[in-house]
Amino acid sequence: MGKLNLDPNTISKCRHDASVIARQVQVHIDKHTTVSVERSLLRMLGVDGVNELMVPIVNVVVDHILQNANLAKGVCHYLSYACHEHIATPNEIAHRVASGALDLSIYQDLSKSPYLSDLMPYFERTLARIDDMKSIRKSWIERTPKKTTPHKYVIVATGNIYEDIKQAISAVKKGADIIAVIRSTGQSLLDYIPNGATTEGFGGTYATQENFRLMRKALDEVSESEGRYIKLVNYASGLCMPEIATLGAIERLDMMLNDSLYGIIFRDINMKRTFVDQYFSRVLSAYAEIIINTGEDNYLTTSDAIEHAHTVLASQFINEQFAKLAKMPSSLMGLGHAYEIDPSFENSFLFELAQAEMTKEIFPNAPLKYMPPTKHMTGDIFKGTIQNALFNIAAVTSHQSIHLLGMMTEAIHTPFVSDRAIALDNANYIEKAFKDFGNEITFKPDGIIMNRAHQVLEHAQQLLDEIKNDGMFKTLEKGTFAGISRHENGGKGLKGVLIKDDCYINPVLDLMLSRLEVKKNAF
Amino acid sequence: MPFKSQWIRPYGDTMNDGKIQISFSLPMPHDALGEEAAKRFASLMGIHNPQIVHSTALSESFSFYIIYGTVEHQIDATTLTVTEQASVSLSKEEVEHFIEEHLVSPIVIVGASTGTDAHTVGIDAIMNMKGYNGHYGLERYQGIKAYNLGGQVENEVLLEKAIEYNADVILISQTVTQKDIHIQNLTAFVELLEAERMRDRFIVIIGGPRIHFGLAKELGYDAGFGPKKYANDVASFIVQTMYKKGRKLK
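No experiment lies behind these values; they were computed from the predicted model shown. (Residues numbered from 1 in each chain as written. Chains lettered and ligands numbered in written order. Predicted model: local features only at pLDDT ≥ 70, side-chain atom pairs only at ≥ 80, totals over all residues.)

(A) Main features of the overall build of chain B. The secondary structure content of chain B amounts to seven helices and ten strands. A compact globule built from 250 residues should have a C-alpha radius of gyration of about 18 Å, whereas chain B, at 23 Å, is more than 25% larger. Taking the principal axes of its C-alpha atoms as reference, chain B extends roughly 70 × 50 × 35 Å. Residue burial in chain B is summarised as follows: out of 250 residues, 38% are buried. Here the analysis covers contacts within chain B between residues at least 6 apart in sequence; of these, 66% occur between residues at least 24 apart. (Helix = DSSP H or I, 4+ residues; strand = E, 2+ residues; numbered from the N terminus. Rg over C-alpha atoms; globule rule 2.2 N^0.38 Å. Buried ≥ 20, exposed ≤ 12 C-beta atoms within 10 Å, placed from the backbone. Contact = placed C-beta atoms within 7 Å.)

(B) Inspection of the overall build of chain A at higher detail. Check the secondary structure of chain A and you find 20 helices and eleven strands. In terms of overall size, chain A behaves like a compact globule, its C-alpha atoms giving a radius of gyration of 23 Å where 523 residues would be expected to give roughly 24 Å. With the principal axes as the frame, chain A shows a C-alpha extent of 70 × 50 × 45 Å. Considering chain A as a whole, with its 523 residues, one finds that 57% of them fall into the buried category. If you take every contact in chain A between residues at least 6 apart in sequence, the share linking residues at least 24 apart comes to 77%.

(C) Main features of the sheet that holds strand β4 (residues 231-235) of chain A. Residue and element names in this part refer to chain A. Spatial ordering of the open sheet is given by β7-β6-β5-β4-β3-β2-β10-β9-β8, a layout of nine strands whose pairing is parallel. One side of each edge strand has no neighbouring strand; the edge strands of this open sheet are β7 (333-334) and β8 (336-338). Sheet topology places strand β2 (residues 151-156) next to strand β3 (residues 178-181); four bridges connect them, and they run parallel. What sits directly across from Ile155, in β3, is Ala180. (Pairing = 2+ DSSP bridges.)

(D) Representation of unusual backbone geometry within the structure. Look at the link from Ser105(B) to Pro106(B): it is a cis peptide, with omega at 0°. Mapped onto the elements of the fold, Pro106(B) is located in the loop between α2 (92-102) and β6 (107-113). In this model, Asn5(A) sits at a positive phi of 55°, which is unusual for a non-glycine residue. Along the polypeptide, Asn5(A) turns up in the segment before α1 (8-31). Looking at Asn5(A), the number of C-beta atoms within 10 Å reads 14, which means it is partly exposed. Despite not being glycine, Asn347(A) has its phi angle at roughly 65°, a positive value.

(E) Helix α6 (residues 120-143) of chain A, seen in detail. All names here are of chain A. Here α6 spans 34 Å end to end across 24 residues, near enough to the 34 Å set by a 1.5 Å rise per residue. Among the residues of α6, Phe123, Leu127, Ile130 and Met133 are the ones counted as buried. Residues of α6 that are buried in the fold lie against α2 (35-44), α9 (241-250), α11 (271-288) and α20 (507-522). (Expected span 1.5 Å × (residues − 1).)

(F) Representation of the interface of chain A and chain B in the model. With 26 residues of chain A at the contact, the number on the chain B side is 21 residues. Taken together, the elements giving at least two residues each to the side of chain A that touches chain B come down to α7 (161-173), α10 (260-267), α12 (299-302) and α16 (417-433) of chain A. Per-class residue counts for the side of chain A that touches chain B are nine nonpolar, eleven polar and six charged. (Nonpolar A, V, L, I, M, F, W, Y, C, P; charged D, E, K, R; others polar.)

(G) Representation of the domain arrangement of chain A within the structure. One can read the domain layout of chain A as domain 1 (46-118) and domain 2 (147-452). On a C-alpha basis, the centroid separation for the pair domain 1 of chain A and domain 2 of chain A is 38 Å. (Domains from an automatic or database assignment.)

(H) Quick look at the domain arrangement of chain B. Taken domain by domain, chain B comprises domain 1 (7-77) and domain 2 (92-245). Domain 1 of chain B and domain 2 of chain B are separated by 40 Å when their C-alpha centres are compared.

(I) Local environment of the environment of Pro150(A). Residues and elements named next belong to chain A. Along the chain, Pro150 falls in the loop between α6 and β2. Classification of Pro150 by C-beta neighbours within 10 Å gives buried; the count is 25. With 59 residues separating them in the primary sequence, Pro150 and Gln209 have C-alpha atoms 29 Å apart. Pro150 has contacts with Ala395, Val396, Gln400, Ser401, Ile402 and His403, leaving out every residue within four places of it along the chain.

(J) View of the nonpolar core. All names here are of chain A. If you look at the biggest cluster of nonpolar residues, it comprises 177 residues, and the most contacted ones within it are Val61, Ala168, Ile179 and Met256. If you tally residues by element for this core, the top one is α11, at ten residues. In this structure, Val61 is in contact with Leu42, Val47, Val75, Ala94, Val97 and Ala98, ignoring residues within four places of it in sequence. (Core = buried A, V, L, I, M, F, W, Y, C linked by C-beta atoms within 7 Å.)

(K) Geometry of the packing of α1(A) against helix α18 (residues 448-470) of chain A. All names here are of chain A. Taken N-terminus to C-terminus, the directions of α1 and α18 make an angle of 25°; their axes are 9 Å apart at the nearest point. Judged by the inter-axis angle, α1 sits roughly parallel to α18. Read as a crossing pair, α1 and α18 show a hand that is left-handed. Where α1 approaches α18, its residues Thr10, Lys13, Cys14, Asp17, Ala18, Val20 and Ile21 are matched on the opposing element by Leu457, Glu458, Ala460, Gln461, Leu464, Asp465, Ile467 and Lys468. Tallied by class, the residues present in the contact of α1 with α18 amount to eight nonpolar, two polar and five charged. (Axes fitted to C-alpha atoms, helices over the stretch in contact; angles between N-to-C directions. Parallel < 35°, antiparallel > 145°, perpendicular 65-115°, else oblique. Left-handed = near helix turned anticlockwise from the far one by under 90°.)

(L) The arrangement of α10(A) in detail. Residues and elements named next belong to chain A. Within α10, eight of the eight residues are buried, which leaves it mostly tucked inside the rest of the structure. Where α10 is concerned, the buried positions are Ser260, Leu261, Tyr262, Gly263, Ile264, Ile265, Phe266 and Arg267. Packing partners of the buried residues in α10 comprise α11, α13 (309-325) and α19 (472-478). Following α10 by one or two positions, Asp268 has its phi on the positive side, about 50°.

(M) Region of interest: the sheet that holds strand β2 (residues 19-26) of chain B. All names here are of chain B. Read across the open sheet, the three strands follow the order β2-β4-β3; overall the sheet is antiparallel. Edge positions in the sheet fall to β2 and β3 (47-57), since each of these pairs with one other strand and no more. On average, adjacent strands in this sheet sit at an angle of 20° to one another, irrespective of strand direction. In the packing of helix α1 (residues 32-44) onto the sheet, the strands contacted are β2, β3 and β4 (63-71), and the crossing angle to β3 comes to about 145°.

(N) View of the packing of helix α15 (residues 381-397) of chain A against α16(A). Residue and element names in this part refer to chain A. The N-to-C vectors of α15 and α16 enclose an angle of 40°; their axes lie 9 Å apart at closest approach. Judged by the angle between their axes, α15 and α16 are oblique. Judged by the sense of rotation from one axis to the other, the crossing of α15 with α16 is right-handed. Between α15 and α16, the residues in contact are Thr385, Asn388, Ala389, Asn392, Ile393 and Val396 and Ala423, Asn426, Ala427, Ile430 and Glu431, respectively. Looking at the contact of α15 with α16 residue by residue, the class counts come to six nonpolar, four polar and one charged.

(O) Just the pairing of β4(A), in detail. Residues and elements named next belong to chain A. Among the five residues in β4, five count as buried, and that is most of the element. Judged by which residues are buried, β4 turns out to be covered on both faces: Lys231, Val233 and Tyr235 on one side and Leu232 and Asn234 on the other are all buried. Note that β3 and β4 share three bridges and pair parallel. What sits directly across from Ile178, in β4, is Lys231. Considered for its hand, the β-α-β crossover made up of β3, helix α8 (residues 209-226) and β4 is right-handed. Bridge count between β4 and strand β5 (residues 255-257): three bridges; the pairing is parallel. Looking at β5, one finds that Val233 is bridged to Met255. Remark: the β4/α9/β5 crossover connection has right-handed handedness. (Right-handed = clockwise from strand over helix to strand, strands pointing away.)

In structure tokens form, the structure reads like this:
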């Protein structure tokens, strides 16, 4: 029993409604594939490289099938026939297609491929690589001293991967546990992944396989010298969501921002597209033991944190169910929320603590991701430091897991190396000073904190009931989340959604699902 | 006393004592040499007797300094000029009344966060019903029809929509300012307007944390609004400018 005396019946009603909502969407997901899922499959088959115009070969091949044949049969249909006929690897076939030497449309009218087994060794090789990454991570985590306080998460965003590395190392030396490399603004809307190490980005650095590798290598080195594992985060979101999840799994990222609802609402990505992409990404991340981060915190950057707190909770319930359908254990569900109440509001800290504590009690096994004040940061760095301190107190007291540190220069610039150091000093101090505070306190029955938590839960339940009746697509059209309305057939990326043909095959998805099922039953 | 000079320095606790604080990091290890370098920088900035009150290592190769000192520079405040907008800031009700009195409603306003900038917090604060910090957004104003196109809107699309909605005013928000990307983007929009010979058709206003009136003028915009400006400030400028320019007069 938690400290807030939340009603378990209301919570289970919420979970039930959310599961109905997620299953309604899953019906759509199961019927469709997308260009980005197909490109992920090519990457998992070992297809690599770019053409002379720097277009990734995976894009060239998928576009080739889209234009000249029927992509609804899936890339595996074409690749299995071609690999068999030419006795070649998928990468060789892909490069021949890219050079114009091979036309895959000749396989378009053939029945379901009998040569799938020809592809399986390539998929197995990638899964084996991911398995290796899992065991490296696991052994690192076993060697890392355990702590009961939140993991300190900071962002680097210089645009230049080599500068990012310097800033990341400096942050680790000051106590950071998790480093996120923010992507260049606009990358979520690119329908391809840029190639190689990059030094030119705005408000962030491009997510590329080489940048992932460089940062992972640098963090491994600093993990070694610090004697604790430093986790790396990037964004499996936007139009290339599943491909980035693939690269992240291969290059041993540890966390991925991964939330369709965020993309739909804040990046205007088409919902039909991104729900399908998200499912594949989450199955893959579950397989790779990568923690996902959901983006509910963002709702409060446009909506009021007092009035709309229940939309955050409702969305967390839905995201939990989406993750469950992807066979993801709770221990990988980094559900998001934020400290965004207007500081001029009386008792704002009590309301924040109520929300944070409530979230932890409802999702006790999820590594919750707690986001700092941003909306009400003004450029007054001195006040900002105090706002961040209160946020840090709420994070430590309510036992959040992933603690994204606020920067006093929020609303001014992407953090300077010193801004990050000051934020870490602030968090380190409070982590020590408040270490067991949360275990020492109880809340007054019928007091402000308890009543607030009950009210938010109740409102979330009512909202979920409404969403269950409306369905997810209509709910998004109504602008329930963040006050932003999106249409089923609007937004970016709809053209890349295809209804699966009868002979569509995605053998690696099935393989991952069955292995996840085995693992689940083993516990 | 219009011609009397007014020499000032920063104020710590005594008039013109020139006390200031600065903080910065250096790409040097935190050691005696690093401290010396920090002091040298302070001296070059005209700070006498720089005192390093705090310093620390940020990593093996970076260090951080907080310095207090006495700045030697002084300025004559009477010689300063600033470019300020000529409009008076009205309340929401006063703006609505002004429109009813003088202008043909609705005043059509199209706004967006443009280019690759996905941050809509600024444009939302000005345009959305709810507004910000107790100041309702333009969508709630009587006599104004406001269209918020959201984030990552291309310059061309913004102009297209402004024409489609027959807009009187275009609002552009820019939040990401790293490497001055906002300047490039804002310059490109003015160039687009000029190339399409439409610069005079609209009142064009920019906003964002690093935007100010002087910058807006320099870039060829009608006005610019920075932090602590709300929907009523923007609306006040709009209605008064329309009145002055004789647009949509009753």
